Amino acid sequence: MKVSPQEVARIAALARLGIDQDRLDTFAAQFNGILDYMDLLAQVDTEGVEPLYSPVDGPTRLREDKAESRHSREELLASAPETDGAHFVVPKIV
Amino acid sequence: MSDLHTMTLAGLREALAAGKIGAGEATAATLERIAAVEPKVRAFVTVAGERALAEARALDARGPDPARPLWGVPVAVKDVIAVKGMPTTCGSRILEHFEPCYDAFVVRRLREAGAVIVGKTNMDEFAMGSSTEKSAFGPTANPWDTTRVPGGSSGGSAAAVAAGQCFGALGTDTGGSIRQPASFCGCVGLKPTYGRVSRWGCVAYGSSLDQIGPMARTVQDTALLFQAIAGFDPQDSTCVDAALPDTPAALAACEDLAGLRIGVPREYWGQGLAPEVEAACRAALDAAAARGATLVPVELPHTPYAVAAYYIIAMAEASSNLARFDGVRYGLRDKDARELLDMYVRSRSRGFGEEVQRRIMIGTYVLSAGYYDAYYRKAAQVRRLIRQDFAEALKRCDVLCGPVSPVTAWPLGAMDADPVQMYLMDIFTISLNLAGLPGLSLPVGLGADSGLPVGLQLLGPAFGEARLLAVAGVLERALGPLPAPAGL
């Protein structure tokens, strides 16, 4: 088995997900099934092939670094789960 | 009840422009149709009836406007695309109560063209699925047989179009999510070239793969919607400033396929293809040949590696994109958490469904130290080889042609047990997203065994949508329309 249930728990933590103990084995089995399938790529000779990360050729287009304001503070805070009317509020950090 | 819902978008548009039907009347009839069939189809997450009626009446107050090509036409938008003041859930609990404060670029374009948005359509959560069963708000049913899936992830849009609940809809296609549900529901679906349509305001899944596109009941309707949404937008850094031909005009001008070379990729017509799908697609090829096209055998030799490369790249990009859902600025927050890290973990674990969590975790894994080269970089190398395959094949032909899906719509629940089994169903659609090319799904008949729609896929060079639509238009006339969906 390539990925153990403990390894799944470690990856979940990196991804800020919490997986219940009783689901770790199922996830691990599915993980291994998917990764085994992905190992198919090892059959392809990619020596010297440049990776293709985006279908758009050429450099990323940059816009001018100019500030603009499209939305009011109220609009942007409207979907937040918790605010003090002016800021996003989060639980204590330290 | 009126039979207005059976009209084409193009037909309705003419009647609206001529003042034979009012925009309010068209929207009211559409809402009536939604109310009548929605209990069976469940295509929508949100129906914005009152707002749509108000907008339509406001259009009527000023009268038809010939400068607005979709004036008064009721359309639907996949729930992954932002519409100001309407919920935009992405089929997820984590965004259940999220209402964006802006319109996506494509939505602005629809409004400028005079379209009326009647609602937001259901989808697999964050577009991760091929059946629309993985929506947090329940599955959508296929209007041809309500015990079967509509395909996915834009299954709500496809089902709504097929069921007459709108005259056209927007979907998104990351690995086939427009073309496959269009095929399953007997509609036309167009995945434009990567960069042709702005993704600004579309919630990202795989940013180097995602593309918004139109779905409708006819090729002409699809061309009208495409023309309205395509074009350059500086807000999307991957949007390409390419000339946009008059697509509906190109379609109208194309009478036959004389001189057209259709490439038939060997890998798309062999093993694993259901006989009824192969038969319907072969009959369409015969019809193309009878209209003057030459069939050219070609090869796409890296096809067997496309599913693996695609899922590595898509999951990697998803794990990065979905990191933004942190319970701070929008979306669900677990209120019991006492500390920040705990709040992130609890909010995300409660908010995301199982398939989304699985993809985020695999994406995290393939990007993590020690595995990056073996998975992500390797997949990106294979991606280049797949793109080269298309470039080679397209030197010898004008368009490529193959089935959209190896099977017709499967029963609800049939693919629940093994995620890989469902991923493999995307074999014919995902290569195109890796290469960034355009593709169109055209209904070509009903399967002889299942009686369900079969879709043929036309693939072409970058920015060649007008050619794809023109070829599809000739085939559509040659093959004739499908009957009305049998399941309603």
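Residues numbered from 1 in each chain as written. Chains lettered and ligands numbered in written order. Predicted model: local features only at pLDDT ≥ 70, side-chain atom pairs only at ≥ 80, totals over all residues. Heavy atoms only, no water.

### Some remarks on the pattern of salt bridges
Residues and elements named next belong to chain B.
Okay, so step 1: Enumeration according to the criterion identifies 30 salt bridges over all chains in this entry.
Okay, so step 2: Note that Asp173 is salt-bridged to Arg179, the shortest N-O span being 2.9 Å. There is no split in this pair, since Asp173 and Arg179 are both buried.
Okay, so step 3: Among the ionic contacts, a cluster of salt bridges with common partners joins Arg51, Glu55, Asp103 and Arg111. (Salt bridge = Lys/Arg side-chain N within 4 Å of Asp/Glu carboxyl O. Buried < 20%, exposed > 50% of the residue type's maximum accessible area, 1.4 Å probe, protein only.)

### Observations regarding unusual backbone geometry
All names here are of chain B.
Okay, so step 1: Note that the residue after Gly152, namely Ser153, is joined by a cis bond; omega there is 10°.
Okay, so step 2: With respect to the secondary-structure elements, Ser153 resides in the loop between strand E3 (116–121) and helix H5 (155–162).
Okay, so step 3: Backbone geometry at Cys90 places phi at a positive 55°, although glycine is not the residue there.
Okay, so step 4: Inspection of the secondary structure assignment puts Cys90 in the loop between strand E2 (74–78) and helix H4 (105–112).
Okay, so step 5: By relative accessible area, which is 0% here, Cys90 ends up buried.
Okay, so step 6: Positive phi, close to 60°, is recorded for Thr132, a residue that is not glycine.
Okay, so step 7: As for its position among the elements, Thr132 is in the loop between E3 and H5. (Helix = DSSP H or I, 4+ residues; strand = E, 2+ residues; numbered from the N terminus.)

### Quick look at the pairing of strand E5 (residues 188–191) of chain B
All names here are of chain B.
Okay, so step 1: Residue alternation in E5 divides its side chains into two sets, Val188 and Leu190 and Gly189 and Lys191, and both sets are buried.
Okay, so step 2: Two elements, E5 and strand E6 (residues 212–216), share 2 bridges in a ladder whose sense is antiparallel. Note that in E6 the partner of Val188 across the bridge is Ala216.
Okay, so step 3: Pairing of E5 with strand E10 (residues 439–446) involves 3 bridges; the strand directions are antiparallel. By the bridge assignment for E10, Lys191 is matched with Gly439. (Pairing = 2+ DSSP bridges.)

### Points about the interface of chain B and chain A
Okay, so step 1: Taken together, the contact between chain B and chain A spans 75 residues of the former and 54 residues of the latter.
Okay, so step 2: Summed over both sides, the interface of chain B with chain A buries roughly 5500 Å², with 65% coming from carbon and sulfur.
Okay, so step 3: For chain B, the biggest contributors to the area lost against chain A are Tyr305, Met361 and Tyr365 of chain B; these three give 12% of the whole.
Okay, so step 4: On inspection of chain B and its partner chain A, the count reaches 3 salt bridges. (Contact = heavy atoms within 4.5 Å. Buried area = accessible area lost by both parts, 1.4 Å probe.)

### Notes on the side chain of Thr303 of chain B
All names here are of chain B.
Okay, so step 1: Within the fold, Thr303 resides in the loop between strand E8 (294–298) and helix H10 (306–321).
Okay, so step 2: At a separation of 2.6 Å, a polar atom in the side chain of Thr303 contacts the main-chain carbonyl oxygen of Leu300.
Okay, so step 3: Setting aside chain neighbours within four positions, we find Thr303 in contact with Glu267, Tyr268, Asp389 and Ile427. (Polar contact = N/O pair within 3.5 Å; in protein donor to acceptor, adjacent residues only side chain to side chain.)

### A few points about helix H7 (residues 219–229) of chain B
Okay, so step 1: For H7 of chain B, the buried fraction is high: 9 of the 11 residues fall into the buried class.
Okay, so step 2: Among the residues of H7 of chain B, those classed as buried are Val219, Asp221, Thr222, Ala223, Leu224, Leu225, Phe226, Ala228 and Ile229 of chain B.

### Overview of the domain arrangement of chain B
Residue and element names in this part refer to chain B.
Okay, so step 1: By the assigned domains, chain B splits into domain 1 (4–255) and domain 2 (308–378).
Okay, so step 2: The distance between the C-alpha centroids of domain 1 and domain 2 comes to 28 Å.
Okay, so step 3: At the boundary of domain 1 with domain 2, total buried surface from both sides reaches about 1700 Å², with 64% on carbon and sulfur atoms.
Okay, so step 4: Where domain 1 touches domain 2, the interface holds 0 salt bridges.
Okay, so step 5: Linking domain 1 with domain 2 are 12 residue pairs in polar contact (both at pLDDT 80 or more), by the criterion used here.
Okay, so step 6: Looking at the side of domain 1 that touches domain 2 residue by residue, the classes come out as 9 nonpolar, 7 polar and 3 charged. (Domains from an automatic or database assignment. Nonpolar A, V, L, I, M, F, W, Y, C, P; charged D, E, K, R; others polar.)

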